[in-house]
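Below are the chains, spelled out letter by letter.
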Amino acid sequence: MTRAGLTAERLTQAAAELADEVGVENVTIAALARHFGVKDASLYFHLRNAHDLRVRLAVLALAELADRVAEALAGRAGKDALVAFANAYRDYARQHPGRYAAMQIDLDPETAAASAGVRHAEMTRAILRGYHLSEPDQTDAVRMMHSTFHGFVSLERTGGFRHTPRPTDDSWARALDALDAVLSNWPSR
């Protein structure tokens, strides 16, 4: 029996909005129940537990980001594709900080394989083919790209760049220039 029109999808969407407002660490079954004006127990018809809710939130955020990145990449190649991907990633993290944080949880292999994380990897590897990288260099480059994007976004979100007056957008652009240069001149083994 559904109560107050609740569904797992509606609860996940509300959790995503709540995560962006108050932080993913504050998204609990109790907080979500209060949001809908129902008792905690009524949510367990749709969600197994708080971990299930966080996994659903991570999967939603991965899908949203994949859609944005795919749209940004359409018709682009090389450095233009790299910059479009990176900017879509950064913009999503800025606009949806709670959802972005939720994407960082460790998904079990089955959930990860069924998630949009696979699309992210495929799009990243498509960009790298433009730099003529093959395995195992592609895997190393994917990890470097993700580390660069995630590291910059995380430091920016937590105020890690406030110690200097240089605009972060300028540093972001230079980091992408440097990333393009490294990918264009990938060291041989």
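Shown above is the structure to which this text applies.
Student: Even after reading the chapter, I still don't get the overall build of the protein, so can you show me in this structure?
Tutor: Along its length, the protein carries 10 helices and zero strands. N-terminal to C-terminal, the α/β element order of the protein is α-α-α-α-α-α-α-α-α-α. Here the C-alpha coordinates of the protein stretch approximately 60 × 40 × 30 Å along the principal axes. A buried classification covers 42% of the 189 residues belonging to the protein.

Student: Would you explain the side chain of His120 in this entry?
Tutor: Structurally, His120 can be placed in helix α8 (residues 117–129). For His120, a relative accessible area of 10% translates into the label buried. Excluding residues that lie within four positions of it along the chain, His120 makes contacts with Leu62, Leu65, Ala66 and Phe85.

Student: Help me understand helix α9 (residues 137–157), please; the structure alone is not making it clear to me.
Tutor: Every α-helix winds through 3.6 residues per turn, so residues three or four apart in the chain are directed the same way. Helix length check: α9, at 21 residues, gives a terminal C-alpha distance of 30 Å against a target of 30 Å (1.5 Å per residue), a fit within 8%. Listed as buried for α9 are Asp137, Gln138, Thr139, Ala141, Val142, Met145, Phe149, Phe152, Val153 and Glu156. In this structure, the buried residues of α9 make contact with α5 (78–95), α6 (97–102), α8 and α10 (168–184). Of the residues trailing α9, Gly159 is marked for its positive phi of about 80 degrees.

Student: What exactly am I supposed to notice about the layout of surface pockets here?
Tutor: Where empty space is left can be seen by rolling a probe of water-molecule size over the atoms. Quantified by volume, the largest pocket comes out at close to 550 Å³. Those elements that place two or more of their residues in the lining of the largest pocket are α4 (50–73), α5, α8 and α9. For the lining of the largest pocket, the leading source of residues is α9, giving six residues. In terms of residue class, the lining of the largest pocket is built from 13 nonpolar, seven polar and two charged.

Student: Just to check I follow, could you spell out the packing of aromatic side chains for this structure?
Tutor: The geometry of an aromatic ring pair comes down to the distance between the two centres and the angle between the two planes. This model, assessed by the stated rule, comprises six aromatic pairs. Look at Tyr89 and Phe149: their rings are 5.6 Å apart centre to centre, the planes differ by 50 degrees, and that puts the pair in the tilted class. One end of the pair, Tyr89, is in helix α5; the other, Phe149, is in helix α9, with 60 residues separating them in the sequence. As far as burial versus exposure is concerned, Tyr89 and Phe149 are alike and both buried. Among the aromatic residues, ring-to-ring pairing joins Phe85, Tyr89, Tyr100, Phe149, Phe152, Phe161 and Trp172 into one connected group.

Student: Before we go on, may I ask you to explain the environment of Leu43 in this structure?
Tutor: Within the secondary structure, Leu43 sits in helix α3 (residues 40–43). Note on Leu43: relative accessible area 0%, which makes it buried. In this structure, the C-alpha to C-alpha distance between Leu43 and Ala33, residues 10 residues apart in sequence, is 6.9 Å. Not counting the four nearest positions on each side in its chain, Leu43 is found in contact with Leu6, Leu11, Ile29, Leu32, Ala33 and Val38.

Student: When you look at α8 in this model, what are you seeing that I'm missing?
Tutor: Over its 13 residues, α8 extends 19 Å from the first C-alpha to the last, a length consistent with the 18 Å expected when each residue adds 1.5 Å. Those residues of α8 that sit buried are His120, Met123, Thr124, Ile127 and Leu128. The buried residues of α8 occupy one face: seen down the axis, they fall within an arc of 145 degrees.

Student: How should the packing of α4 against α8 be read in this particular structure?
Tutor: At a minimum axis separation of 9 Å, α4 and α8 run at an interaxial angle of 25 degrees. When the interaxial angle is binned, α4 and α8 end up roughly parallel. Considering only the axes of α4 and α8, their crossing is left-handed. Along its contact with α4, which presents Leu62, Ala63, Leu65, Ala66, Asp67, Val69, Ala70 and Leu73, the element α8 presents Gly117, Arg119, His120, Met123 and Ile127. Broken down by class, the residue content of the contact of α4 with α8 amounts to nine nonpolar, two polar and two charged.

What counts and how
- Residues numbered from 1 in each chain as written.
- Predicted model: local features only at pLDDT ≥ 70, side-chain atom pairs only at ≥ 80, totals over all residues.
- Heavy atoms only, no water.
- Helix = DSSP H or I, 4+ residues; strand = E, 2+ residues; numbered from the N terminus.
- Buried < 20%, exposed > 50% of the residue type's maximum accessible area, 1.4 Å probe, protein only.
- Contact = heavy atoms within 4.5 Å.
- Expected span 1.5 Å × (residues − 1).
- 1 Å grid on protein atoms, 1.4 Å probe; cavity = no way out; pocket = protein on both sides within 12 Å on 5 of 7 lines; lining within 4 Å.
- Points joined across faces, edges and corners; volume = space filled by probe spheres on them.
- Nonpolar A, V, L, I, M, F, W, Y, C, P; charged D, E, K, R; others polar.
- Phe/Tyr/Trp six-rings, centres within 6.5 Å; stacked < 30°, edge-to-face > 60°.
- Arc of directions from axis to C-beta.
- Axes fitted to C-alpha atoms, helices over the stretch in contact; angles between N-to-C directions.
- Parallel < 35°, antiparallel > 145°, perpendicular 65-115°, else oblique.
- Left-handed = near helix turned anticlockwise from the far one by under 90°.

Limitation: the analysis is restricted to geometry and does not speak to function.
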